[in-house]
Amino acid sequence: VMSDAPLLEGQSLTFAIDGIDIVRDIHLQVRSGELVGLIGPNGAGKSTLLRLLCGIESATQGEVFWQGSAFSSLSLEARARHIGYLAQGARAQWPVSVERVVALGRLPHRSLWRKDSTADRAAIEQALQMAEVAAYRQRIATTLSGGEQTLVMLARIFATQPQLIFADEPVAALDPYHQLHVMELLRAHAHGNNAGVVVLHDLSLAARFCDRLYLFNHGSIFCSGTPAAVLTQDNLRAVYGIDSKIECSAEGVSVTPTRRIREGHP
């Protein structure tokens, strides 16, 4: 059920490096219960925007609001509890067991020296099962494949039980089975008071799993709306420089890029 105030809102967000705008005047809302997809060509500013929205980078101009209040006023602890961020190509950093990596997701919920509580252990176990990484809980995380490590890092976020999950190209290193699995997990997370924002290149996955899409081009939002409204041949031609075959079925919209075109593209 959607409330009046967005869970998260970006207003007039601009981020510049050396005087060059990477993103420019972005207005974006995320409401409870929805999975929002950010799509657009490489270098369009999607990953930068994600870092602005979760407070890793500070906007040159504009403001991010969390449930109507300035996001910058939230303590780091509160941010860590409410928001999960899966970086592009996320990898385990330390040679520790998969279970230990996932357990790190509980840190925002506890004081430093306290042992794992029953709630912590239950959350860790649930996260291992959800991400289907329980079978290698004792494996050293850094020895797993890139795709497996992505699933472990996602499990760590689920262990935190955040309200809002940001995922930057979470399916890039995964086979089709695991791509569907990750999208199903993010879709399932985004209900009730929870939500998700995901950067995707696979337009069919974006169409099938996301409630709304923002299509980026050159650091600005070219258009936004339902997948059917955003994923039109004209929009994809203008932004990606491609012709595509677009089919609508009970499964949703599916997009097959068919050829590159030159008009309006470098």
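To keep things clear, this report deals only with the structure shown in the data block. (Residues numbered from 1 in each chain as written. Predicted model: local features only at pLDDT ≥ 70, side-chain atom pairs only at ≥ 80, totals over all residues. Heavy atoms only, no water.)

To find the voids left in a structure, one rolls a probe of water-molecule size over its atoms. By volume, the largest pocket is sized at about 530 Å³. Surrounding the largest pocket, 24 residues form its lining, Ile-83, Gly-84, Tyr-85, Arg-156 and Ile-157 being those nearest its centre. Put simply, the parts of the chain that give the lining of the largest pocket at least two residues each are helix 2 (76-82), strand 6 (83-86) and helix 5 (146-160). Split by residue class, the lining of the largest pocket holds 16 nonpolar, 5 polar and 3 charged. (1 Å grid on protein atoms, 1.4 Å probe; cavity = no way out; pocket = protein on both sides within 12 Å on 5 of 7 lines; lining within 4 Å. Points joined across faces, edges and corners; volume = space filled by probe spheres on them. Helix = DSSP H or I, 4+ residues; strand = E, 2+ residues; numbered from the N terminus. Nonpolar A, V, L, I, M, F, W, Y, C, P; charged D, E, K, R; others polar.)

Another aspect to go through is the pattern of salt bridges. Tallied over the full model, the rule gives 9 salt bridges. Two residues, Asp-211 and Arg-187, come together in a salt bridge whose shortest N-O distance is 2.9 Å. You can see Asp-211 sitting in the loop between helix 7 (203-209) and strand 9 (212-217) and its partner Arg-187 sitting in helix 6 (residues 176-189), a full 24 residues away along the chain. According to the relative accessible area criterion, Arg-187 is partly exposed, its value standing at 24%. (Salt bridge = Lys/Arg side-chain N within 4 Å of Asp/Glu carboxyl O. Buried < 20%, exposed > 50% of the residue type's maximum accessible area, 1.4 Å probe, protein only.)

Take the sheet that holds strand 5 (residues 69-70) next. Pairing between the strands of a sheet comes from backbone hydrogen bonds, and it takes one of two forms, parallel or antiparallel. With antiparallel pairing, the 4 strands of this open sheet are ordered in space as 2-1-4-5. Each having just a single partner strand, strand 2 (20-30) and strand 5 make up the two edges of the open sheet. Where strand 4 (residues 61-66) and strand 5 come together, 2 bridges link them in antiparallel fashion. Within strand 5, the position partnered with Phe-65 by the bridge is Ala-70. Packed onto the sheet, helix 1 (residues 46-53) meets strand 1 (8-17), strand 2 and strand 4 and runs at close to 60° relative to strand 2. (Pairing = 2+ DSSP bridges. Contact = heavy atoms within 4.5 Å. Axes fitted to C-alpha atoms, helices over the stretch in contact; angles between N-to-C directions.)

What follows deals with helix 4 (residues 118-130). Along its 13 residues, helix 4 runs 18 Å from first to last C-alpha, staying within 8% of the 18 Å computed at 1.5 Å per residue. Buried within helix 4 we find Asp-120, Ala-123, Ile-124, Ala-127 and Leu-128. Angularly, the buried residues of helix 4 cover 135° about the axis, an arc narrow enough to put them on a single face. Buried residues along helix 4 sit in contact with helix 3 (98-103) and helix 5. Immediately beyond the C-terminal end of helix 4, within one or two residues, lies Glu-132, with a positive phi of roughly 55°. (Expected span 1.5 Å × (residues − 1). Arc of directions from axis to C-beta.)

Turning next to unusual backbone geometry. The phi angle at Gln-67 is positive, at roughly 50°, despite the residue not being glycine. Relative to the helices and strands, Gln-67 resides in the loop between strand 4 and strand 5. Judged by relative accessible area, which is 45%, Gln-67 ranks as partly exposed. Positive phi, close to 55°, is recorded for Gln-161, a residue that is not glycine.

This brings us to the environment of Leu-107. Tracing the chain through its elements places Leu-107 in the loop between helix 3 and helix 4. Given a relative accessible area of 42%, Leu-107 falls into the partly exposed group. Taking C-alpha positions, Leu-107 is 22 Å from Asp-168, a pair spaced 61 residues apart along the chain.

This paragraph deals with the pairing of strand 4. Of the pairings in the sheet, the one linking strand 1 to strand 4 comprises 5 bridges and is antiparallel in character. By the bridge assignment, Glu-9 is partnered in strand 4 with Phe-65. What sits between the antiparallel neighbours strand 4 and strand 5 is a turn of 2 residues, in which Gln-67 has the positive phi angle 50°.

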